[in-house]
Amino acid sequence: MQTRTRVLTLAAAGAATLAVAVPAAQGTIVPQQGMAGVKLGMSQAKVQGVLGQPLRAATGSNDFGPYTQLFYPYRVVVTFQGNAGATAVSTSGVRERTAKGAGVGSTEARLKAAHPALVCETFVGTRSCHLGSFLPGKRVTDFLLRKGKVVRVTVGVVID
């Protein structure tokens, strides 16, 4: 499960998301594809065309090379590992939901009712439910839980 840890670390690389009361495009979480109108693989220019100017950007480097993260209102973060197309979109805000209503604040029972194909597990003390498999190049939608409720949703590409 080392790969799983890496994709989750990648999606959150850099910093916690911001809580800012500035309007953002409200959108739907589309499992394995994206959220907030952003699709995996989009360029930074296309993401900015959808969401506008980010509140801030962060750059850095990790085991997979350089990355850029764009931080948007309502706790939406878009990550570009390798600085090419979007490799992850995550939120810790309550505005983004799946078409079946699941998102931040949902209980595990609500997640499973909405998305029966979810696999839920605890790994190193962290509980999460996901769609997809943690294999290189595959897309995964991960719902991170704390105290029985979703605190972050990430749609991303498994890097290794």
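What you are looking at is a predicted structure, and each value in this text was computed from that prediction instead of being measured. (Residues numbered from 1 in each chain as written. Predicted model: local features only at pLDDT ≥ 70, side-chain atom pairs only at ≥ 80, totals over all residues. Heavy atoms only, no water.)

## Let's talk about the pattern of salt bridges
If charged atoms from side chains of opposite charge come close, those side chains can pair. Scanning the entire structure with this criterion turns up two salt bridges. Residue Lys-112 pairs with Glu-108 through a salt bridge whose shortest N-O separation is 3.0 Å. With Lys-112 and Glu-108 both in helix α3 (residues 108-114) and four residues apart, this pair spans about one turn of that helix. Assessed through its relative accessible area of 40%, Lys-112 is described here as partly exposed. Note on Glu-108: relative accessible area 17%, which makes it buried. When the shortest N-O distance is used, the salt bridge between Arg-127 and Glu-108 registers 2.7 Å. Within this pair, whereas Arg-127 is found in strand β10 (residues 126-131), its partner Glu-108 is found in helix α3, the two being separated by 19 residues in sequence. Each of Glu-108, Lys-112 and Arg-127 takes part in one network of salt bridges that share partners. (Salt bridge = Lys/Arg side-chain N within 4 Å of Asp/Glu carboxyl O. Helix = DSSP H or I, 4+ residues; strand = E, 2+ residues; numbered from the N terminus. Buried < 20%, exposed > 50% of the residue type's maximum accessible area, 1.4 Å probe, protein only.)

## Thoughts on the sheet that holds strand β4 (residues 56-62)
Strand order in the open sheet formed by eight strands is β4-β5-β6-β7-β12-β11-β10-β9, and the pairing between neighbours is antiparallel. Of all the strands in the sheet, the pair left with one neighbour each is β4 and β9 (119-123). Going across the sheet, the axis of each strand differs from the next one's by a mean of 20°, ignoring polarity. Two elements, strand β7 (residues 88-91) and strand β12 (residues 149-157), share four bridges in a ladder whose sense is antiparallel. Paired with Val-89 across the strands is Val-155, a residue of β12. Most of the contacts of helix α2 (residues 44-51) go to strand β5 (residues 65-72), to which it runs at about 10°, and overall it touches β5 and β6 (76-81). (Pairing = 2+ DSSP bridges. Axes fitted to C-alpha atoms, helices over the stretch in contact; angles between N-to-C directions. Contact = heavy atoms within 4.5 Å.)

## Here we look at the state of the cysteines
Tallying each qualifying case throughout the model produces one disulfide. The residue that forms a disulfide with Cys-120 is Cys-129, at a sulfur-sulfur distance of 2.0 Å. Across the S-S bond linking Cys-120 and Cys-129, the dihedral sits near 110°, which makes this disulfide right-handed. As far as the burial class goes, Cys-120 and Cys-129 line up, both buried. (Disulfide = S-S within 2.5 Å.)

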